[in-house]
Amino acid sequence: MSKRFLVTGGAGFIGSAVARMLVRETPHQVLVVDKLTYAGNLDSLKPVANSPRYRFEQADVADLDRMRALVEAYEPDVVMHLAAESHVDRSIDGPGEFVQTNVVGTFALLQAALGYWRGLSPERQAAFRFHHISTDEVFGSLGEEGFFHEEYPYQPTSPYSASKAASDHFVRAWHHTYGLPTVVTNCSNNYGPYHFPEKLIPLIILNALEGKPLPVYGKGENVRDWLFVDDHARALILAAECGEPGATYAIGGHNERKNIDVVRGICALIDELAPNAAIGPREALISFVTDRPGHDLRYAIDASKIERELGWRPAETFETGLRKTVEWYLENRDWWERVRSGVYRGERLGIVA
Ligand code: NAD
């Protein structure tokens, strides 16, 4: 049966993967709502832009009147909320935007959804979902051992993770207080095609291609649990459609890697797929730079609940996903050259003076 999905942040990295997957692999309709900040890019939606099941509205999620009007007019069965300020380094330089979009924006969308949901028939009320997409960074940092899971206590450490933690609490409160059928997912670091090149993996790919220094924070010892973006998008659509009201699902890739090993893996792939005698082996370009203030040591996810209850498993290993990602950047120079010619030119952000 075709449902109506309203996807906020759908011009961003993960949101556009969700929108493309909904149009290509499901019978559902999609309305993307996005403010088109520096991180939003309609080029990422071009592959589905001509579909009659796709629509786009430029709007700020923190604009309550606009959210009310959009939700009432579109009558969604599912709201998937991905719109956010998402880059930790930017949150260190300018936390205000993070509070505005991630906290006030989530509040506005909850209010708009609640008003609409109260007017639905009991059957449509029961089927409706408000799915909030969050991060494992809300849990703080792990030591060498252990995993984050659905019951793990919140201990956010950066302005970004604090704003996401606050928004998670608002979403759960709207379920407990008003009965809104919400689902929260907390996912580990994503990578893949259409990733804005300020984040580690695309930054390293593009710098390696161009023979520029490859900046690694601190000693590169920080560990992240990497998940290929299409595996995340599939988990999100499953959670939005089949998740229990009020439930939380932790999503991860079973792919813990130290940053330095991620960077070395990219160097080997670029040397293989785009050899360049003038540049030489890319590992020689690695340059250790001052660490991010308050850099969390390790994130890792126990994703057994979503595997058990919803039957989700990632299709890609880190090796297969990284190869696909490097190949995509080699084949889609137009996309990243346009992004790089815009507001962001690869400069270092998030150093506390
Ligand atoms: P992104 O920065 O690539 O995209 C964010 C999108 O939100 C952009 O299109 C931007 O234009 C839009 N946006 C920003 N402010 C807005 C506003 N006020 N109103 C409407 N739209 C606005 O982010 P992403 O990496 O795709 O992350 C999407 C979501 O997933 C975020 O909520 C993030 O916290 C979460 N998440 C990301 C990761 C990751 O590794 N990237 C991991 C776990 C969870």
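Predicted model, so just to flag it, every value in this text is computed and none were measured. (Residues numbered from 1 in each chain as written. Predicted model: local features only at pLDDT ≥ 70, side-chain atom pairs only at ≥ 80, totals over all residues. Heavy atoms only, no water.)

Taken across its 6 residues, strand β6 (residues 182–187) has 6 buried, putting it largely inside the fold. Residues of β6 alternate between two faces, with T182, V184 and N186 on one and V183, T185 and C187 on the opposite face, all of them buried. As judged from the 6 bridges shared by strand β5 (residues 129–135) and β6, these two strands associate in the parallel manner. Within the sheet, the bridge partner assigned to I133 lies in β6 and is T185. (Buried < 20%, exposed > 50% of the residue type's maximum accessible area, 1.4 Å probe, protein only. Helix = DSSP H or I, 4+ residues; strand = E, 2+ residues; numbered from the N terminus. Pairing = 2+ DSSP bridges.)

Taking 1.5 Å per residue as the helical rise, helix α1 (residues 13–25) with its 13 residues ought to reach 18 Å, and the 18 Å between its terminal C-alpha atoms agrees with that figure. The element α1 is largely enclosed, with a buried count of 11 among its 13 residues. F13, I14, G15, S16, A17, V18, A19, R20, M21, L22 and V23 are the residues of α1 that are buried. Its buried side turned inward, α1 meets β1 (4–8), β2 (29–34), β3 (54–58), β4 (78–81), β7 (190–191) and α8 (229–242). (Expected span 1.5 Å × (residues − 1). Contact = heavy atoms within 4.5 Å.)

Next up on the list: the environment of D93. Along the chain, D93 turns up in helix α3 (residues 88–93). On a C-alpha basis, the gap between D93 and P159 in space is 9.5 Å, while along the polypeptide they are 66 residues apart.

At their nearest, the axes of helix α7 (residues 200–210) and helix α9 (residues 259–273) sit 10 Å apart, and the two run at 40° to each other. Here α7 lies oblique to α9, going by the angle between them. Considering the relative orientation of α7 and α9, their crossing is right-handed. For the pair α7 and α9, the contacting residues are L200, I201, I204, I205, A208 and L209 in the first and N259, V262, V263, I266 and I270 in the second. By residue class, the composition of the contact of α7 with α9 is 10 nonpolar, 1 polar and no charged. (Axes fitted to C-alpha atoms, helices over the stretch in contact; angles between N-to-C directions. Parallel < 35°, antiparallel > 145°, perpendicular 65-115°, else oblique. Left-handed = near helix turned anticlockwise from the far one by under 90°. Nonpolar A, V, L, I, M, F, W, Y, C, P; charged D, E, K, R; others polar.)

Here we have 7 strands laid out as an open sheet, ordered β3-β2-β1-β4-β5-β6-β11, and parallel in their pairing. Edge positions in the sheet fall to β3 and β11 (247–251), since each of these pairs with one other strand and no more. Neighbour-to-neighbour, the strand axes of this sheet turn through a mean angle of 20°, independent of strand direction. Its contacts with the sheet place helix α4 (residues 95–118) against β1, β4 and β5, and it is angled at close to 165° to β5.

Here the focus is unusual backbone geometry. If a residue is not glycine, its phi is most likely negative; likewise, a peptide bond is most likely trans. Positive phi, close to 65°, is recorded for Y194, a residue that is not glycine. Tracing the backbone shows Y194 in the loop between β7 and α7. Residue Y194 is classed as buried on the basis of its relative accessible area, which comes to 13%.

A separate point is the nonpolar core. Of all hydrophobic cores here, the largest spans 46 residues; its most connected members are V7, V18, M80, L236, I251 and I306. Of all elements in the fold, only β1, α1, β2, β4, β6, α8, β11 and α10 (304–310) reach the threshold of two or more residues within this core. Looking at this core element by element, the count peaks at 8 residues for α1. Those residues in contact with V7 that lie beyond four places of it in its chain are G15, V18, L22, V30, L31, V32, V33, M80 and L82. (Core = buried A, V, L, I, M, F, W, Y, C linked by side-chain atoms within 4.5 Å.)

In the region of the ligand, 28 residues are neighbours, and I14, D34, S86, Y160 and K164 sit closest. With respect to the ligand, the backbone of G40 contributes an N or O atom lying 3.5 Å from an oxygen atom. Side-chain polar atom of Y160 to an oxygen atom of the ligand: 2.6 Å apart, as the coordinates give it. When the ligand is considered free in solution it has 840 Å² of accessible area, and contact with the protein chains removes 96% of it. Counting residues per element, the ones that place at least two in the shell around the ligand are α1, β5 and α6 (159–178). If you tally residues by element for the shell around the ligand, the top one is β5, at 3 residues. Classifying every residue of the shell around the ligand by side-chain character gives 13 nonpolar, 11 polar and 4 charged. (Near = heavy atom within 4 Å. Polar contact = N/O pair within 3.5 Å; in protein donor to acceptor, adjacent residues only side chain to side chain. Areas by Shrake-Rupley, 256 points an atom, 1.4 Å probe, with all protein chains shown as cover.)

The values reported here are purely geometric and, on their own, carry no functional implication.
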